[in-house]
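Residue strings, one per chain:
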Amino acid sequence: MTEPVQTPRSAFPTRVFSGIQPSGGLTLGNYLGALKRFAEKQNEGIETIYCLVDMHAITVWQDPASLRQQTREAAAAFIASGVDPARSILFNQSQVSAHAELAWIFNCVARMGWMGRMTQWKDKTAGKNSENASLGLFAYPALMAADILAYKATHVPVGEDQKQHLELCRDIATKFNNDFGVDFFPITEPLIEGAATRVMSLRDGTKKMSKSDPSDQSRINLTDDSDMIAKKIKKAKTDAEPLPSELDGLKDRPEARNLVNIYAALTGMTAEAVIAQHGGSQFGSFKPALADLAVSVMSPITSEMNRLMQDVAEIDRILGAGAARADAIARPIVNEVYDIVGMIRSR
């Protein structure tokens, strides 16, 4: 086997890819940790590709009608949050066959041991008979790598809990390049930025805000109205101490730190600037200020989502147009992969 040719990183055009599962119940955490950032990336002169990963969603059983509804609702959330389908590519994964095709190649590149070490796999099958879990659930990190590398994406915005999956994507790209003596795929870099990369539960500051939490009070849903948003923030768990005058004072106060981070992310301030402005304040005054801020930012998004969902045919049109643009990028890349691997293509 020939030695891989080293291609300068600059040979790969800067391209951002990210995806969200359309499994319903998008939250403030999804907005601050993903959707808001996705919209901001459009202003950086970088090609941005955003995907609703409906193939990932079916690694556990989904009601078909609910999956369609949730995919459209997630698309509406992207658009309402500022993602412009004319400036970014927005589509659902299953409409671009390159994802599934490249995932099979990567299933043959990745090793069983790599998959078995994935933290999310171990967490989701802990204490259960893992033999009852779907093969898709075990192998889906290879599909995630295909999602990224079908576009030769150079950067992926990820939360802390997804860093391991991106590391596996990098391992797959490296092994493919080495196995075939090429430098075909980039070694994708993570983008982890800002004060609220991981928004925590309003009831427990040590746990991530999640739609799967049994308590609806633990999260702000993108479908919550203004009154509900304000009530949830005002009832959020805190402690008896006022906000400190220095950021270090939040070290052992996870709930207080979470609210400060949310305030920072909603305003675009740093956490240090929030503390400089509100240090010494009791939560009796800070929470109402945060509630007003959250309502002012989130209510227009909820209203726009509701408006968009009145015309699902238009949402489907947008997703179809995005899929055509995505396929135009991914198809030539996957065809080159087939050539590299040695597969005959007569048409």
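Right above here is the structure, for reference.
So, a few notes on the structure that sits alongside this text. (Residues numbered from 1 in each chain as written. Predicted model: local features only at pLDDT ≥ 70, side-chain atom pairs only at ≥ 80, totals over all residues. Heavy atoms only, no water.)

Considerations on the overall build of the protein chain
Now for step 1: Assigned secondary structure in the protein chain consists of 13 helices and five strands.
Now for step 2: Dimensions along the principal axes, computed over C-alpha positions, put the protein chain at roughly 70 × 45 × 45 Å.
Now for step 3: Within the span of the protein chain, comprising 347 residues, buried residues form 49% of the whole.
Now for step 4: Expressed as a percentage of contacts within the protein chain between residues at least 6 apart in sequence, the contacts between residues at least 24 apart total 76%.
Now for step 5: In the structure as shown, the protein chain presents an accessible area of about 16200 Å², 51% of it carried by carbon and sulfur atoms.
Now for step 6: Across the protein chain, the centroid of the 38 positively charged side chains sits 2 Å from that of the 41 negatively charged ones. (Helix = DSSP H or I, 4+ residues; strand = E, 2+ residues; numbered from the N terminus. Buried < 20%, exposed > 50% of the residue type's maximum accessible area, 1.4 Å probe, protein only. Contact = heavy atoms within 4.5 Å. Areas by Shrake-Rupley, 256 points an atom, 1.4 Å probe, with all protein chains shown as cover. Lys, Arg positive; Asp, Glu negative; His and termini not counted. Charge placed at Lys NZ, Arg CZ, Asp CG, Glu CD.)

Some words on the side chain of arginine 219
Now for step 1: Along the chain, arginine 219 falls in the loop between strand S5 (189–191) and helix H9 (226–234).
Now for step 2: A residue is classified by how much of its surface remains accessible, and arginine 219, at 9% relative accessible area, is buried.
Now for step 3: A polar side-chain atom of arginine 219 sits 3.3 Å from a polar atom in the side chain of asparagine 221.
Now for step 4: When near neighbours in sequence (up to four residues on either side) are disregarded, arginine 219 contacts Thr27, Leu202, Met209, Ser210, Lys211, Asp213, Asp224 and Lys232. (Polar contact = N/O pair within 3.5 Å; in protein donor to acceptor, adjacent residues only side chain to side chain.)

Remarks on the packing of aromatic side chains
Now for step 1: In total, this model carries twelve aromatic pairs according to the counting rule given.
Now for step 2: When the ring of tryptophan 121 is compared with that of phenylalanine 138, the centres are 4.9 Å apart and the planes differ by 75°; the resulting orientation is edge-to-face. Of this pair, tryptophan 121 sits in helix H6 (residues 119–125) while phenylalanine 138 is found in helix H7 (residues 135–149), placing the two residues 17 residues apart along the sequence. Pair check on accessibility: tryptophan 121 and phenylalanine 138 agree, each one buried.
Now for step 3: Aromatic rings pair up to connect Phe106, Phe176, Phe180, Phe184 and Phe185 into one cluster. (Phe/Tyr/Trp six-rings, centres within 6.5 Å; stacked < 30°, edge-to-face > 60°.)

A closer look at the pattern of salt bridges
Working definition: two side chains of opposite charge can pair if their charged atoms are close together.
Now for step 1: This model, assessed by the stated rule, comprises 15 salt bridges.
Now for step 2: Glutamate 47 serves as the salt-bridge partner of arginine 15, at 2.7 Å between the closest nitrogen and oxygen. Of this pair, arginine 15 sits in strand S1 (residues 15–20) while glutamate 47 sits in strand S2 (residues 47–52), and the two are 32 residues apart along the sequence.
Now for step 3: The class of arginine 15 is buried, set by a relative accessible area of 12%.
Now for step 4: With its nearest N and O atoms 2.8 Å apart, the salt bridge here joins lysine 36 to glutamate 40. Residue lysine 36 and its partner glutamate 40 are located together in helix H1 (residues 28–41), separated by four residues, close to a single helical turn.
Now for step 5: Given a relative accessible area of 18%, lysine 36 falls into the buried group.
Now for step 6: You can call glutamate 40 partly exposed: its relative accessible area is 37%.
Now for step 7: Connected through salt bridges with shared partners, the residues Asp216, Arg219, Asp224 and Lys232 form a single ionic network. (Salt bridge = Lys/Arg side-chain N within 4 Å of Asp/Glu carboxyl O.)

Here we look at the pairing of strand S3 (residues 89–92)
Now for step 1: By the alternation rule, side chains of S3 split into Ile89 and Phe91 and Leu90 and Asn92, which are all buried.
Now for step 2: For S2 and S3, the ladder comprises four bridges, and the chain directions are parallel. Bridge assignment links cysteine 51 to a residue of S3, and that residue is phenylalanine 91. (Pairing = 2+ DSSP bridges.)

Concerning helix H11 (residues 271–278)
A turn of α-helix holds 3.6 residues, and therefore any two residues three or four places apart point the same way.
Now for step 1: Of all the positions in H11, only Ala271, Val274, Ile275 and His278 are classed as buried. Buried residues of H11, seen end-on, are gathered within an arc of 95° and therefore sit on one face of the element. For H11, the exposed residues set more than 90 degrees away from the buried face come down to Ala276 and Gln277.
Now for step 2: Lining the buried residues of H11 we find helix H10 (254–267) and helix H12 (283–308).
Now for step 3: One or two positions beyond H11, positive phi appears at glycine 280, with a value near 90°. (Arc of directions from axis to C-beta.)

Points about the nonpolar core
Now for step 1: Residues Leu28, Phe78, Ile262, Leu266, Phe286 and Leu290 are the most contacted members of the largest nonpolar core, which totals 59 residues.
Now for step 2: The dominant element in this core, judged by the number of residues it contributes, is H12, at ten residues.
Now for step 3: Grouped together as the second largest cluster of nonpolar side chains are 50 residues, Phe91, Trp121, Tyr140 and Phe185 included. (Core = buried A, V, L, I, M, F, W, Y, C linked by side-chain atoms within 4.5 Å.)

Brief notes about unusual backbone geometry
Now for step 1: A positive phi angle, near 50°, is found at lysine 152, a position not held by glycine.
Now for step 2: Along the chain, lysine 152 turns up in the loop between H7 and strand S4 (155–157).

Points about the environment of proline 64
Now for step 1: Topologically, proline 64 is positioned in helix H3 (residues 64–80).
Now for step 2: Taking the C-alpha atoms as reference, proline 64 lies 29 Å from glycine 116; in sequence the two are 52 residues apart.

Some words on the state of the cysteines
Covalently bonding the sulfur atom of one cysteine to the sulfur atom of another cysteine gives a disulfide.
Now for step 1: In total, this model carries zero disulfides according to the counting rule given.
Now for step 2: Cysteine 169 provides the cysteine sulfur closest to cysteine 51, a residue in no disulfide bond, and the two sulfurs are 14 Å apart.
Now for step 3: Note on cysteine 51: relative accessible area 0%, which makes it buried.
Now for step 4: Free cysteine cysteine 108: the closest other cysteine sulfur is in cysteine 169, separated by 17 Å.
Now for step 5: Given the relative accessible area of 45%, cysteine 108 is considered partly exposed. (Disulfide = S-S within 2.5 Å.)

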